[in-house]
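A closer look at the structure
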Amino acid sequence: MTNSIDEIEFADVIFAIGTNTTENHPVIGSKVKRAVRYHGAKLIVVDPRDIALTKYAELWLRPKAGTNVALVNGIMNVIISEDLQAKDYVKERTEGFEAMKAVVAKFTPERVEEITGVPAANIRAAARLYAKAGKASILYCMGVTQHSTGTDSVKNVANLAMLCGMMGIESGGVNPLRGQGNVQGACDMGCLPNVFPAYQNVTVDDNRARFQKAWGVKLPANVGLTIVEIMNAAHKGDIKGLYVMGENLMMSDPDLHHVEEALKNLDLLVVQDIFLTETAKFAHVVLPAASFAEKDGTFSNTERRVQRVRKAVAPPGMAKPDWQILSGLSTKMGYPMAYASPSEIMDEIRKVTPSYAGITYRRIERRGIQWPCPNTDHPGTKYLHRDRFSRGLGLFSAIDYIPSAEQTDKEYPLIMTTGRILYHYHTGTMTRLARGSMERYPESLVEINPRDAERFGIEDEKLVKVTSRRGSVTAKASLTDRSPEGTIFMNFHFREAAVNLLTNSVLDPLAKIPEYKVSAVRIEAAGA
Amino acid sequence: MNKILITIDGRQLEAKPGQTILEVAKENGIYIPTLCYYAATRVVGACRVCVVEVENSRTLVASCAMPVSPGMVVKTDTPRVRESQKLVVELLWSAGDHNCLVCESNGQCELQDLIYWLKIEKPRFKIEAPGYPLEKTNTMIQRDLNKCVLCGRCIRACNEIQVNEVLDFFERGSKMKVGPAFDADYIDSNCVFCGACVDACPTGAIVNKQSRFEGRPWDLQKIRTTCGYCGVGCQMDLNVYDGKVVKVTGNKEYGTPNQGSLCVKGRFGMEFIHHPSRLKTPLIKQANGEFKEADWDEAYDFIAGKLKSIKKKHGADSLAGLSSARCTNEENYLFQKFMRTVIGTNNVDHCARL
Ligand code: SF4
Ligand code: SF4
Ligand code: SF4
């Protein structure tokens with residue numbers, strides 16, 4: 001997030017696009033609702049589904065799944081044609097405006113209505129509301145990124161914020177809400193194929209030289225493979241060995257049949273986890289890890305705040321924290337790692353990660369610090385891009401609308417989108433063991449609009465078979481107006497109805513994120 | 001900024017305009033008991049436990065609701081104040097079934113504390129509990145409205161802090177109750193089991209059912225940590241008894257990012273920690289496809305041998321690693337360091353894209 005969680009409550013306008021935050025990040029959801037109920041904020045919700053937040057919205061735009069780019073272009077079209085943009089800000093702090101303007105000019109509200117299904121009047125209203133706000137905050141999540149055009153969409157919401165001068169101000173900004181605990185930290189720490197910690201590119205000689213010096217070995221200069229590319233390479237036989245730490249590929253990856261074949265193809269699969277997950281079953285070696293309650297360390301939350309994780313209980317049996325397992329293996333392999341504690345690892349991280357340089361366990365004992373924090377006197381950074389963007393001038397990107405990779409047709413007439421529900425988490429390994437979650441949400445439900453249900457002969461609470469070009473799964477139907485006509489919704493928490501048997505592994509060309517939000521499917525009653 | 005001078009219990013104090021008597025007293029270490037007062041929610045001044053004497057005012061005033069004014073003279077500790085507080089507390093006591101012997105909140109109950117602090121031996125009124133049945137219809141939150149003092153804190157926590165808008169008062173007079181609309185049980189309402197009402201309740205009327213009989217408040221050790229479920233990174237206390245996490249509580253004092261709020265996953269989703277199906281030893285797959293338990297050295301040797309031979313035969317880029325958002329920064333750092341140094345490849349990624 002460019003801004004902080006606490007700032008959301010004090011925005012004048014909140015523009016929530018593709019984020020079902022009351023279920024995915026409930027505590028942030030409450031802040032959005034408080035902003036509306038108690039601080040007079042106006043909420044704009046952009047989502048095909050009738051999520052809980054729509055009840056609090058001044059405006060709810062309901063675009064067809066996969067048309068976010070066109071919608072945001074339409075909003076910017078109105079802002080520019082009505083001359084509502086922040087002219088001084090655009091002139092002084094950005095570049096690339098003219099090129100962006102030229103593309104956006106094609107997206108009149110009427111044309112965008114045709115693409116997205118959102119009435120032109122609502123597009124105009126949203127544009128005016130956002131542009132005229134003193135402080136407007138954009139929130140987004142996987143509903144924006146999990147498309148084959150996800151990177152475009154992310155750039156486009158940044159365009160919108162810059163156009164109206166909402167970047168670099170308190171309670172403004174562009175705020176991706178991270179769905180999983182320490183995703184932010186995993187990225188910050190360089191668990192990415194192209195960058196070292198703090199996003200320092202591996203292809204830059206200077207960067208490599210610095211890390212070579214710090215780590216004492218020669219480092220590879222070529223960019224590595226992303227997760228879906230790795231699975232494809234394993235399928236082809238180019239990847240022979242895979243080390244998986246705390247990740248359940250056999251539930252979370254798109255196109256599971258493909259994943260299964262890939263895993264079976266490996267000469268070595270090491271899975272380090274707290275449970276014998278679906279993925280671990282394919283492993284040659286399984287290593288028992290400690291859970292978050294059994295180890296010390298830090299997590300970085302979605303607002304870049306580095307906070308302490310503390311050991312409360314001992315791990316079961318011979319299980320060990322991941323950092324100890326890695327140190328042990330590395331030492332065995334001739335590269336000694338002798339850390340006495342995670343705080344010693346943090347001291348090493350600080351030396352090679354400029355944005356974490358000022359973060360010590362002592363300083364974050366009582367309250368976490370938000371990076372960038374370049375030295376131990378620095379208080380941390382509440383919001384980014386205050387006086388300048390990291391690259392100097394903010395760059396507008398001209399982004400045209402490209403339809404989703406998979407379109408509906410006669411055989412697969414419906415769109416399926418996927419996501420989470422409040423009571424469960426990711427692949428369900430943890431929440432499915434929680435009595436409460438299982439009592440509230442015991443099995444996977446396919447949310448279907450009643451009119452679609454009628455058209456395809458589906459009954460409420462009866463089994464429905466959902467089929468895509470890649471496979472089919474069967475689960476109980478839940479007829480609800482939450483889903484718009486033509487679109488069904490499934491969650492991915494249940495292995496019995498592993499929705500990723502259906503999803504499309506087509507990747508966004510830059511971010512390499514699979515297009516979970518749009519697959520073409522058909523539905524039929526499955527008896528019983 | 002202009003300051004206001006007031007006197008509390010003979011002490012001259014500086015106050016800011018708009019502050020209440022209670023706030024100024026608190027700031028200066030003067031104790032005034034409260035019950036319905038709940039930080040970060042509307043002040044309702046309903047319970048009359050926080051009353052004080054204010055010079056020139058005929059009646060006692062609720063200190064939580066009364067703003068200070070210049071020259072105000074306040075007394076918190078007079079016979080009249082204490083008598084009034086006792087009356088209020090005895091009425092609450094006698095209107096419920098406050099049997100601390102079996103109450104989960106024994107030892108962390110604000111009603112119990114008030115009775116003790118006011119040195120009340122026994123209420124002057126006959127104890128007449130309403131006789132509500134215990135709410136047993138869900139596994140997470142247990143309600144015993146016979147212990148409810150109608151302070152409304154659960155309602156304000158649910159509506160004003162969480163904005164879940166599930167709870168309210170209904171009925172009037174002696175039949176007054178709190179709960180979801182139409183007196184429904186939580187499980188049949190829109191309740192999302194965030195548990196804010198559990199943390200808000202001053203008595204044993206709303207308790208965490210999963211930790212019932214799992215450890216007395218004074219035996220629990222609270223360990224502050226960061227929730228590992230979603231990216232909010234809520235600050236929470238793991239309550240440990242006898243080597244086991246028995247419940248999770250929020251703590252307003254930790255402040256940002258969650259100010260004490262949690263969601264159902266953070267609060268009730270921690271059973272996995274002690275689940276019997278946790279992995280306890282390394283496992284190595286045998287030729288017959290079965291796993292066999294191994295010790296760490298065997299497992300390390302097996303992996304090290306295989307990694308080395310694959311690297312030798314097919315090169316470092318035939319190996320890859322995937323890390324996780326469930327692991328700490330330190331672990332993610334070591335993971336990519338391991339892949340880049342020991343293995344020698346940039347084939348390292350994690351699940352953020354998914
Ligand atoms: S658990 Fe949360 S949603 Fe349910 S009644 Fe209590 S405060 Fe409201
Ligand atoms: S249930 Fe607890 S918090 Fe709610 S009104 Fe009764 S005593 Fe107060
Ligand atoms: S308690 Fe809920 S909202 Fe808070 S971090 Fe955990 S999962 Fe996220």
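In this text the structure is predicted, and so the values were computed from the model without any measurement.

**A few points about the overall build of chain B**
Along its length, chain B carries 8 helices and 16 strands. A principal-axis box enclosing the C-alpha atoms of chain B has dimensions of 95 × 55 × 35 Å. Out of the 354 residues in chain B, the part that is buried amounts to 59%. Considering only contacts within chain B whose residues lie at least 6 apart along the sequence, 57% involve residues at least 24 apart. Summed over its atoms, the accessible surface of chain B is roughly 15,300 Å², and 52% of this surface lies on carbon and sulfur atoms.

**Focus on the overall build of chain A**
Within chain A one finds 19 helices and 23 strands. The C-alpha radius of gyration of chain A comes to 24 Å, within 12% of the 24 Å expected for a compact globule of 528 residues. When the backbone C-alpha atoms are referred to their principal axes, chain A occupies close to 65 × 65 × 45 Å. Residues counted as buried form 65% of the 528 residues belonging to chain A. A fraction of 68% describes how many contacts in chain A between residues 6 or more apart in sequence connect residues 24 or more apart.

**Overview of the site of ligand 1**
For ligand 1, the full set of nearby residues is Ile141, Cys158, Asn164, Leu167, Tyr186, Cys191, Val192, Phe193, Cys194, Gly195, Ala196 and Cys197 of chain B. Classifying every residue of the shell around ligand 1 gives 10 nonpolar, 2 polar and no charged.

**Re the pattern of salt bridges**
Residues and elements named next belong to chain A. If you walk through the whole model with that rule in mind, you get 46 salt bridges over all chains. In this structure, Lys106 engages Asp400 in a salt bridge whose closest nitrogen and oxygen atoms are separated by 3.0 Å. Of this pair, Lys106 sits in the loop between helix 6 (97-104) and helix 7 (109-116) while Asp400 sits in the loop between strand 15 (394-395) and strand 16 (414-419); the two residues are 294 residues apart in sequence, bridging distant segments of the chain. Of the residues examined, Asp400 reaches a relative accessible area of 34% and is grouped as partly exposed. The closest approach of N and O atoms between Glu524 and Arg522, which form a salt bridge, is 3.8 Å. Exposure remark for Arg522: the relative accessible area of 27% places this residue in the partly exposed category.

**Looking at the confidence of the model for chain B**
Low pLDDT marks stretches whose predicted atomic positions should not be read closely. Confidence along chain B averages 94 in pLDDT terms, with 99% of residues attaining 70 or more. As a predicted assembly, this complex carries a pTM of 0.91 together with an ipTM value of 0.92.

**So, the confidence of the model for chain A**
On average, chain A scores 88 in pLDDT, and the residues at 70 or more come to 95%. Taken element by element, the predicted model of chain A shows its lowest mean pLDDT in strand 22 (residues 514-515) of chain A (61) and its highest in strand 11 (residues 285-288) of chain A (97).

**Looking at the environment of Glu160 of chain B**
You can see Glu160 of chain B is positioned in helix 4 (residues 153-161). Given a relative accessible area of 8%, Glu160 of chain B falls into the buried group. Taking C-alpha positions, Glu160 of chain B is 6.2 Å from Thr41 of chain B, a pair spaced 119 residues apart along the chain. The residues touching Glu160 of chain B, leaving out its near neighbours within four places in the chain, are Arg34 and Tyr38 of chain A together with Thr41, Arg42 and Ile155 of chain B. Reaching out from Glu160 of chain B, the side chain makes a polar contact with the backbone nitrogen of Arg42 of chain B at a distance of 2.7 Å.

**Thoughts on helix 3 (residues 26-39) of chain A**
Taking 1.5 Å of rise per residue, the 14 residues of helix 3 of chain A would be expected to cover 20 Å, and the 19 Å separating its terminal C-alpha atoms lies within 8% of that figure. The buried fraction of helix 3 of chain A amounts to 11 of the 14 residues, a majority that puts the element mostly inside the structure. Buried within helix 3 of chain A are the following residues: Pro26, Val27, Ile28, Gly29, Ser30, Lys31, Val32, Lys33, Arg34, Ala35 and Val36 of chain A. Those residues of helix 3 of chain A hidden inside the fold are in contact with helix 1 (5-8), strand 1 (13-17), helix 2 (21-24), strand 2 (42-46) and strand 5 (136-140) of chain A together with helix 4 of chain B. Backbone geometry just after helix 3 of chain A places Gly40 of chain A at a positive phi near 70 degrees.

**Examining the sheet that holds strand 12 (residues 244-249) of chain B**
Residues and elements named next belong to chain B. Ordered in space as 10-11-12, the 3 strands form an open sheet in which the pairing is antiparallel. Two strands in the sheet have a free side with no partner beyond their single neighbour: strand 10 (221-226) and strand 12. Strand after strand, the sheet turns through a mean of 35 degrees between neighbouring axes, direction not considered. Relative to strand 11 (residues 235-241), strand 10 runs antiparallel, the two sharing 6 bridges. Paired with Thr225 across the bridge in strand 11 is Met236.

**Description of the side chain of Asn106 of chain B**
Residues and elements named next belong to chain B. Tracing the backbone through its elements, the reader meets Asn106 in the loop between helix 2 (79-94) and helix 3 (110-117). There is a polar contact of 2.6 Å between the side chain of Asn106 and the side chain of Gln112. If we ignore the near neighbours within four places in the chain, the residues touching Asn106 are Cys100, Gln112, Arg216, Pro217 and Trp218.

**Concerning unusual backbone geometry**
Backbone geometry follows two general trends: most residues other than glycine have a negative phi, and most peptide bonds adopt the trans configuration. That bond from Trp371 of chain A to Pro372 of chain A is cis: its omega, 0 degrees, falls within 30 degrees of zero. For Pro372 of chain A, the position within the fold is in the loop between strand 14 (369-370) and strand 15. Looking along the chain, the bond that leaves Thr256 of chain B and enters Pro257 of chain B is cis, with omega of 5 degrees. Tracing the sequence through the fold places Pro257 of chain B in the loop between strand 12 and helix 6 (264-268). The backbone phi angle of Asp83 of chain A is positive, close to 60 degrees, even though this residue is not glycine.

**Topic: the sheet that holds strand 14 of chain A**
Read across the sheet, 3 strands follow the order 12-13-14 (chain A) without closing on themselves; strand pairing throughout is antiparallel. Two strands in the sheet have a free side with no partner beyond their single neighbour: strand 12 (297-300) and strand 14 of chain A. For strand 13 (residues 305-309) of chain A and strand 14 of chain A, the ladder comprises 2 bridges, and the chain directions are antiparallel. Looking at strand 14 of chain A, one finds that Arg305 of chain A is bridged to Gln370 of chain A. Here helix 8 (residues 329-343) of chain B sits on the sheet and contacts strand 12 and strand 13 of chain A; the angle it forms with strand 12 of chain A, its principal contact strand, is near 90 degrees.

**A look at empty space enclosed by the protein**
Considering all chains together, one arrives at 8 cavities of 30 Å³ or more under this definition. Its boundaries defined by the atoms lining it, the second largest cavity holds a volume of some 250 Å³.

**Observations concerning the site of ligand 2**
As a matter of local geometry, ligand 2 sits amid Cys148, Val149, Leu150, Cys151, Gly152, Cys154, Val178, Cys201, Pro202, Thr203, Ala205 and Ile206 of chain B. Grouping the constituent residues of the shell around ligand 2 by class yields 10 nonpolar, 2 polar and no charged.

**Quick word on the domain arrangement of chain A**
Frequently, the measure chosen for interface size is the accessible area that the parts lose on association. The domain boundaries assigned to chain A delineate domain 1 (5-177), domain 2 (183-370) and domain 3 (414-525). Taken over C-alpha atoms, the centre of domain 1 of chain A sits 26 Å from the centre of domain 3 of chain A.

**Thoughts on the packing of aromatic side chains**
Using the criterion set out here, one finds 14 aromatic pairs over all chains in the structure. With a centroid separation of 5.0 Å and 80 degrees between ring planes, the pair formed by Tyr31 of chain B and Trp117 of chain B is classed as edge-to-face. A residue pair is termed long-range when its members are at least 10 positions apart, and Tyr31 of chain B in the loop between helix 1 (21-27) and strand 3 (51-54) and Trp117 of chain B in helix 3 qualify at 86 residues. Between Trp296 of chain B and Tyr300 of chain B, the aromatic rings sit 5.5 Å apart at their centres with planes inclined by 40 degrees, giving tilted as the arrangement. In this pair, Trp296 of chain B and Tyr300 of chain B both sit in helix 7 (residues 296-314), 4 residues apart, roughly one turn of the helix. Exposure class is identical for Trp296 of chain B and Tyr300 of chain B. Each is buried. Counting every residue linked through ring pairs, the aromatic cluster contains Phe196, Phe211 and Trp215 of chain A together with Tyr333 of chain B. Positioned above the aromatic ring of Phe489 of chain A, the side-chain terminus of Arg49 of chain A is 3.4 Å from the ring centre.

**Observations concerning the domain arrangement of chain B**
Domain boundaries assigned for chain B yield domain 1 (4-77), domain 2 (123-274), domain 3 (279-312) and domain 4 (315-354). Computed from C-alpha atoms alone, the centre-to-centre distance between domain 2 of chain B and domain 4 of chain B is 40 Å.

Parameters and conventions
Residues numbered from 1 in each chain as written. Chains lettered and ligands numbered in written order. Predicted model: local features only at pLDDT ≥ 70, side-chain atom pairs only at ≥ 80, totals over all residues. Heavy atoms only, no water. Helix = DSSP H or I, 4+ residues; strand = E, 2+ residues; numbered from the N terminus. Buried < 20%, exposed > 50% of the residue type's maximum accessible area, 1.4 Å probe, protein only. Contact = heavy atoms within 4.5 Å. Areas by Shrake-Rupley, 256 points an atom, 1.4 Å probe, with all protein chains shown as cover. Rg over C-alpha atoms; globule rule 2.2 N^0.38 Å. Near = heavy atom within 4 Å. Nonpolar A, V, L, I, M, F, W, Y, C, P; charged D, E, K, R; others polar. Salt bridge = Lys/Arg side-chain N within 4 Å of Asp/Glu carboxyl O. pLDDT = per-residue confidence, 0-100. Polar contact = N/O pair within 3.5 Å; in protein donor to acceptor, adjacent residues only side chain to side chain. Expected span 1.5 Å × (residues − 1). Pairing = 2+ DSSP bridges. Axes fitted to C-alpha atoms, helices over the stretch in contact; angles between N-to-C directions. 1 Å grid on protein atoms, 1.4 Å probe; cavity = no way out; pocket = protein on both sides within 12 Å on 5 of 7 lines; lining within 4 Å. Points joined across faces, edges and corners; volume = space filled by probe spheres on them. Domains from an automatic or database assignment. Phe/Tyr/Trp six-rings, centres within 6.5 Å; stacked < 30°, edge-to-face > 60°. Lys NZ or Arg CZ within 6 Å of the ring centre and 35° of its normal.

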